[in-house]
Amino acid sequence: MARKSSLPPLSERQLEIMNVIWDRGEATVGEVWAELSAARKMVRNTVQTTVARLEEKGWLKHRAEGNTFYYRATQPSQDVRKRMARRLVDTVFEGSTEGLLLAILDEQPLSEDEAARIRQLIDQATEKRS
């Protein structure tokens, strides 16, 4: 069974920042701010405060090079995303993975390639459990 994290849940803004850091491996506040502010207006101090809080909560660690702090995640993105998906299924869909998938499929049609890949993943998951 997967180990549970004692870390608090991530807000939408925190998750945006974590995604940048996960994608880069590590990043400075300036690098995170530059990437996020390219998509929408964002104040650098907001990013700096959020990064500091993520570190206080245990989501990030830093290393210093001179006066520059480089932040990296303490948890792999894949583990966090799995826990978030499980929490979504449990809380919103009362434990029904099927309910989640139906909700997604109602909103966004699948391409043939996506449908084939999902069928393959379902087959692999079924084989694993057998």
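In this text, all values refer to a predicted model and were calculated from it rather than measured experimentally.

### Side note on the overall build of the protein chain
Helices and strands together make up the secondary structure of the protein chain, namely 6 helices and 2 strands. A compact globule built from 130 residues should have a C-alpha radius of gyration of about 14 Å, whereas the protein chain, at 18 Å, is more than 25% larger. Seen through its C-alpha atoms, the protein chain measures out along the principal axes to roughly 55 × 35 × 25 Å. Looking at the 130 residues of the protein chain, the share that counts as buried comes to 22%. Long-range pairs, those at least 24 residues apart, make up 47% of the contacts in the protein chain with a sequence separation of at least 6. If you sum the accessible surface of the protein chain, you get close to 9,600 Å²; carbon and sulfur atoms cover 50% of it.

### Thoughts on the environment of E55
Looking at the element boundaries, E55 is found in helix α3 (residues 44–56). Put simply, E55 and K128 are 73 residues apart on the chain and 37 Å apart in space, counted from C-alpha to C-alpha. Setting aside anything within four residues of it in sequence, one finds E55 in contact with L60, K61, H62 and Y71.

### Considering the pairing of strand β2 (residues 68–73)
A regular strand places its side chains on the two faces of the sheet in alternate fashion. Sheet topology places strand β1 (residues 60–65) next to β2; 6 bridges connect them, and they run antiparallel. Its bridge partner lying in β2, H62 is registered against Y71. Taking the residues that link successive antiparallel strands as the turn, the β1-β2 hairpin has 2 residues, and the phi of G66 there is positive, at about 65°.

### Here's the deal with the packing of aromatic side chains
Geometrically, a pair of aromatic rings is defined through the distance of the ring centres and the angle of the planes. All told, the structure shown has 1 aromatic pair when counted by the stated rule. Positioned above the aromatic ring of Y70, the side-chain terminus of R63 is 4.5 Å from the ring centre.

### Observations concerning the nonpolar core
Ranked by internal contacts, the top residues of the largest apolar core, which has 19 residues, are I17 and V32. Among the elements that make up this core, the one with the highest residue count is helix α1 (residues 12–24) (5 residues).

Rules and cut-offs
- Residues numbered from 1 in each chain as written.
- Predicted model: local features only at pLDDT ≥ 70, side-chain atom pairs only at ≥ 80, totals over all residues.
- Heavy atoms only, no water.
- Helix = DSSP H or I, 4+ residues; strand = E, 2+ residues; numbered from the N terminus.
- Rg over C-alpha atoms; globule rule 2.2 N^0.38 Å.
- Buried < 20%, exposed > 50% of the residue type's maximum accessible area, 1.4 Å probe, protein only.
- Contact = heavy atoms within 4.5 Å.
- Areas by Shrake-Rupley, 256 points an atom, 1.4 Å probe, with all protein chains shown as cover.
- Pairing = 2+ DSSP bridges.
- Phe/Tyr/Trp six-rings, centres within 6.5 Å; stacked < 30°, edge-to-face > 60°.
- Lys NZ or Arg CZ within 6 Å of the ring centre and 35° of its normal.
- Core = buried A, V, L, I, M, F, W, Y, C linked by side-chain atoms within 4.5 Å.

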